[in-house]
Amino acid sequence: KGENDKAIADYNQALRINPNYAEVYYNRGYAYAMKKDYARARADWEKALQLDPNDADARGNLEVLRKQGY
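Residues numbered from 1 in each chain as written. Predicted model: local features only at pLDDT ≥ 70, side-chain atom pairs only at ≥ 80, totals over all residues. Heavy atoms only, no water.

This next bit is on the packing of helix α3 (residues 38-51) against helix α4 (residues 56-67). Between α3 and α4, whose axes approach to 9 Å, the crossing angle comes to 145°. Crossing angle aside, the handedness with which α3 passes α4 is left-handed. Along the contact surface, α3 presents Tyr38, Arg42, Trp45, Glu46, Ala48 and Leu49, while α4 presents Ala58, Arg59, Asn61, Leu62, Leu65 and Arg66. For the contact of α3 with α4, the class distribution of residues is seven nonpolar, one polar and four charged. (Axes fitted to C-alpha atoms, helices over the stretch in contact; angles between N-to-C directions. Helix = DSSP H or I, 4+ residues; strand = E, 2+ residues; numbered from the N terminus. Left-handed = near helix turned anticlockwise from the far one by under 90°. Contact = heavy atoms within 4.5 Å. Nonpolar A, V, L, I, M, F, W, Y, C, P; charged D, E, K, R; others polar.)

The following block contains the structure:
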C-alpha cells in the first residue's frame, strides 16, 4: 500500500540472492509502474519475459505500456 520504495529494495535484495527469478522482476516492475517509472517497469517486465516466456502478466503489462506510448 504505497510502500513501493521499500518493496523495490526488498526485490533488489531478492535479485542479489537469485538474479534469475522471473517473478521478482515482474513484481519489481509493477512497483516501478506504481511510481510512474515506466522505463524501469518496462525493463523489468522484459527481463521477466526473457526468463519466463510464458509470463502472460508481464506480456500484457508491456502491451499496455506500448499502447500508452511508453
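Taking 1.5 Å as the rise per residue, helix α2 (residues 22-34) with 13 residues should run 18 Å; its terminal C-alpha atoms sit 19 Å apart, in good agreement. Three or more residues of α2 are buried, namely Ala22, Val24, Tyr25, Tyr26, Arg28, Gly29, Ala31, Tyr32 and Ala33. Next to the buried residues of α2 lie α1 (4-17), α3 and α4. Just downstream of α2, Lys36 is the residue with a positive phi angle, here 65°. (Expected span 1.5 Å × (residues − 1). Buried < 20%, exposed > 50% of the residue type's maximum accessible area, 1.4 Å probe, protein only.)

Below, the discussion takes up the pattern of salt bridges. Applying the stated criterion across every chain yields a total of six salt bridges. For Lys35, the salt bridge is made with Asp5, and the minimal N-O distance between the two is 2.3 Å. With Lys35 in the loop between α2 and α3 and Asp5 in helix α1, the pair connects residues that are 30 residues apart, well separated along the chain. Here Lys35 falls in the partly exposed class, since its relative accessible area comes to 39%. With a shortest N-O distance of 3.7 Å, Asp37 and Arg40 are connected by a salt bridge. Looking at Asp37, the relative accessible area reads 23%, which means it is partly exposed. On the basis of relative accessible area, Arg40 is assigned to the partly exposed category, the value being 48%. (Salt bridge = Lys/Arg side-chain N within 4 Å of Asp/Glu carboxyl O.)

Within the fold, Asp44 resides in helix α3. Side-chain polar atoms of Asp44 contact the backbone nitrogen of Gly29, separated by 3.5 Å. The contacts of Asp44, once residues within four sequence positions are left out, are Tyr25, Arg28, Gly29 and Tyr32. (Polar contact = N/O pair within 3.5 Å; in protein donor to acceptor, adjacent residues only side chain to side chain.)

These results come straight from atomic positions and should not be treated as a statement about function.
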